[in-house]
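Chain by chain, the residues run as shown.
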Amino acid sequence: MPLDTSLVRKPFKVIGTRVRRPDGIDKVTGRAKYGADAFAPGQLVGLVLRSPHAHARIKKIDTSKAEKLPGVKAVVTAADLPDLTAGDRGLRDTLENCMARTKALYDGHAVAAVAAVDMHTAKQALKLIKVDYQVLPHVTDPDEALKPNAPLLHDDIFTEGIEPKPVKPSNFIKIAEYGHGDVEAGFKEADVIIEKSYKTEQTHQGYIEPHACLASVSPDGTAELWVTTQGPFVYRNTCAALLGMDINKLRVTSSEIGGGFGGKTHVWAEPVALALSRKANRPVKVVMTRDEVFRATGPTSSASMDIKIGARKDGTVTAAFAELRYQNGAFPFTWAEFGAMTAWACYDFKNVKSVSKDVVVNRPKCAAYRAPSAPIAAFAVESTMDQVAQAIGMDPIEFRIKNAAKEGTKSSYGPVYGPIGIGPTLEAAKNHPHMKAPLGPNQGRGMACGFWFNFGGQTCVDVNVTPDGSVTVAVGTVDVGGSRASLALAVAEELGVPYDQVRVIVADTSSLGHNDMTDGSRGTFSSSMAAVDATRKAVQTLRERAAKIWEIPVDEVEWMDGHAHAVGEKHGNKAPLSVKEISAQAANTGGPIAGHSEIVADGAGVSFATHICDAEVDPETGRTTIKRYTVIQDAGKAMHPSYVEGQYQGGAAQGIGWALNEEYVYGKDGRLQNPGFLDYRIPVCSDLPMIDTQILEIPNPNHPYGVRGVGETSIVPPLGAIANAISNAAGVRLNHIPMSPPRVLKALKAKKK
Amino acid sequence: MSNVSTHIHTVHLWGALRPLVGGKESVTSSARTIRELFRFLAENYPGVEAHIRRGVAVSIDGRIYRDQWDTELPAGAEIYLMPRIPGG
Amino acid sequence: MAVLVKTTINGDSVEYACQPDESLLDVLRNRLGLTGAKEGCGTGDCGACSVIVDGRLTCSCLVLGAEMEGRTLETIEGMADGDKLHLLQQQFIDHAALQCGICTPGFLIAAKALLEKNPDPTEEEIRFGLAGNLCRCTGYDKIVRAVQAAAKEMRGA
């Protein structure tokens, strides 16, 4: 990255200030347009027919009656989509998840879709589609799915990572192993060994805005897609590949996004909407119901795990072992492997090993969910760490500090760490007033650490100086949490102009080069890097134009405080030129003034956090209330501290929901029992306390302002922190997430006996 | 060519790649960039290329690179290949 | 058979025809172009569709458009006075009380209804008063602070 990363620009002028976000007024007045808020002339209503069975062969689909219903303009099944069976497995699975081809693999799997003139007609049409299913035995639990006689989802999955390659297909996708040293020898050196098994249930990202899009395919093959997404460019590329279109013919415009958390990094109904529009020759709007969101879009894995930690009485961990079994939903991926990579990443252990087993089950295809896979493993690891600390009589923070990874530690996923932030977050936690605050009856305090890989990726930013000197900035990373404010700050900082002189928009896919998605905590990290790069190029042009106006060499022009200054004694009489003055003469000095940046923002650096939690357990009902919560995390540099705090608080709240209440409940019939917010209960305002945050700023050497991604790590520690707090509050150790009142009550009753 | 020897790296591999290099935990390479390293692996170890297509990240002294194949592998650096991780 | 309805929305008299089974939310969004109310669940669990009907906080997905004859509705589109934001709207922006913003119209309507009934709520009263609205981004911390600040300002304190 050819950027000045020496941080000589400190102290900043506007970076780090809490400015008002540019999209604020639109969002508080109802003007902001989200996925479902678009309208196109002649638009049709698109609806999807979904399998009521967890596992069924599709023998025949008869759409003839639906097609004849007046007002129905198109009916689509897998027969209308390309058959990718012989091609790339990933692409084929993506398409077959959008529309089942030969088998329905989970309750909610799409089997057909209609486009009709109105909702009423579309609903009627769905009822007229006759699907002839042969219901098959199903499996929804990862441990059950691994058994030799489990119902088989795919006949072409042969466990990867076993030599020789199995000849029999199974649900067992892959086994992988990470770690170093000799764990067996390490356990022999231990004074204390704690060995426990854990389970976590499946949770959904739970964004409040359901998936929605408006697709319009023209007879000439060009198409427009308005959609709520974390990555319009990736949606474009994927939809084009799935439907056999040229990428340039599909223009994707991202709406304002009503939350994503990873769930809007995958396509779901969008290819279907395009197929419907292509067939109907009309714009088609598809808006999912909440029921569809739960049944057919990306939850994260449920899991079953075994953890073993051995330690000496002085607090040195001699060996640590984890076996993690994650279900991936109905299509193969490697979610458990990411759990195995992250499980022990906070610690410096001589002997450490994690084994992952990925498995398919009859549930919706798992999608990324904020630091995907990490919170699950961290729950099991952090719960066990506390039990080891207790067994050797050591304070849990001191125990973690003693074993924390640091610069030079060989990480459990392989590489040796450079400078990292787990130690500082632990020290900050130890010294935080929260740690010393008194606790009431039935209350307990817990803490836990968390790790996540951040990344950067392909990024593209255009900075244009308008004729009046105000600045427009086009970025390609969707703003999910206030990034437009941070990016405007970066441009204002570089140019030396006021924040409100800069307007940032999220461009459509035909206006800018490819951008990766807003995921991996990369939105602000990578786009600010590109924005700084683009602005520095614009500043260079501004200097050149000032030199032309003054008729002096460009190296005698300096840029300072938003003005060109002529330097040297002979230019002492020249008044500085503002952006406005220079841009007013743009036409006569060489044309429009702009800066562009197309980069790969690689080298993001890993991220750590430590959380502290006070929980109160009601002995009568088993209900847990979070009384106080503190998040400590390194941001590198907080460009807009309010939105960094927002990421910390939001991640913690999602983790609290996961820990205490949220859970997919499947019936014996393999159908999801709680596909709604009444029974899938995410935290409400009265469930939570204020969430305190402490932002550490240890500059990231790979970013011009020292910024680190902050979006994801905050969801990693809560599950373990709360389990530890409950244990300290009620004297019961919960090994099964969520720690809902019935589970806690059961544990309390078992303890009494 | 005198300084080639200083550019010999031990390239550590994650588990999935090890069977493709005869069960070893690492291979040695004189590659100077990620691109050279990937070419070296693809030419010498059939099967690795499929992984590279699927996505391989390279940790250089603990910092993870996913896309920038021109990134240099400094002499003496610790090189670790890892699967490419998705985000949320 | 469509039903003809005469009602008042944000001070304007409005007439519309709707199907007897059509929710008020669908009428607002699809027939009147008032898309500030959002559908997050369609079952009254998330509050993103909140409006005020005759002074009462209502999930517009749970009532019918046909029921609105002669009633007075307030939606997010009528909350600001021209270019002057309501104090709650201003405080939401100033406190960074929104991230994605999809729940924001519902929260503002619910907070307005709360403060009209209880101009000086405790933190707990705010939390329970807004418990019918889901936010997945913020953890509610900054929302509660924004409502506290607006309440204080509205009381002229």
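Residues numbered from 1 in each chain as written. Chains lettered and ligands numbered in written order. Predicted model: local features only at pLDDT ≥ 70, side-chain atom pairs only at ≥ 80, totals over all residues.

S.K.: Can you walk me through the sheet that holds strand β11 (residues 250–254) of chain A in this structure?
M.R.: Working definition: the strands of a sheet are paired by backbone hydrogen bonds and lie parallel or antiparallel to each other. All names here are of chain A. Taken in spatial order, the seven strands line up as β3-β5-β1-β12-β9-β10-β11 in an open sheet, and their pairing is mixed. Two strands bound the open sheet, and with one partner strand each, they are β3 (72–76) and β11. The sheet shows a mean angle of 20° between the axes of neighbouring strands, taken without regard to direction. Bridging between strand β10 (residues 223–227) and β11 involves five bridges; their strand directions are parallel. Of the residues in β11, the one forming a bridge with W226 is T253. Of the strands in this sheet, β1 (44–50), β3, β5 (110–116), β9 (212–217), β10 and β12 (284–287) are in contact with helix α8 (residues 270–280), which crosses β9 at around 35°. (Pairing = 2+ DSSP bridges. Helix = DSSP H or I, 4+ residues; strand = E, 2+ residues; numbered from the N terminus. Axes fitted to C-alpha atoms, helices over the stretch in contact; angles between N-to-C directions. Contact = placed C-beta atoms within 7 Å.)

S.K.: Looking at this structure, I do not really get the sheet that holds strand β4 (residues 56–59) of chain C. What am I missing?
M.R.: All names here are of chain C. With mixed pairing, five strands are arranged side by side in an open sheet as β2-β1-β5-β3-β4. Edge strands, defined here as strands with exactly one partner in the open sheet, are β2 (12–18) and β4. Averaged over all pairs of adjacent strands, the angle between their axes in this sheet comes to 40°, without regard to strand direction. On top of the sheet, helix α3 (residues 104–117) reaches β3 (50–53) and β4; it is set at about 35° to β3, its chief contact.

S.K.: Would you mind going over the interface of chain B and chain A with me for this structure?
M.R.: Interface size is commonly expressed as the accessible area that is lost once the parts come together. Contact residues are listed per partner, giving 23 residues for chain B and 34 residues for chain A. Elements with a minimum of two residues in the side of chain B that touches chain A: β4 (63–65) and β5 (79–83) of chain B. Broken down by class, the residue content of the side of chain B that touches chain A amounts to ten nonpolar, eight polar and five charged. (Nonpolar A, V, L, I, M, F, W, Y, C, P; charged D, E, K, R; others polar.)

S.K.: What's the story with the confidence of the model for chain C in this structure? I'm lost.
M.R.: Predicted coordinates in regions of low pLDDT should not be interpreted in detail. Per-residue pLDDT for chain C averages 97, and the proportion of residues at 70 or more is 99%. Across the interface, the model reports ipTM at 0.98; the global pTM reads 0.96. (pLDDT = per-residue confidence, 0-100.)

S.K.: What is the right way to read the domain arrangement of chain A from this model?
M.R.: Residues and elements named next belong to chain A. Once the domains are mapped, chain A shows domain 1 (24–32 + 456–600), domain 2 (35–136 + 205–296) and domain 3 (303–454 + 605–752). If you average the C-alpha positions of domain 2 and of domain 3, the two centres end up 36 Å apart. Each partner contributes residues to the interface: domain 2 has 20 residues there, and domain 3 has 20 residues. Secondary-structure elements contributing two or more residues to the side of domain 2 that touches domain 3 are α3 (89–98) and α9 (290–296). In terms of residue count, the dominant contributor to the side of domain 2 that touches domain 3 is α9 (five residues). In terms of residue class, the side of domain 2 that touches domain 3 is built from six nonpolar, nine polar and five charged. (Domains from an automatic or database assignment.)

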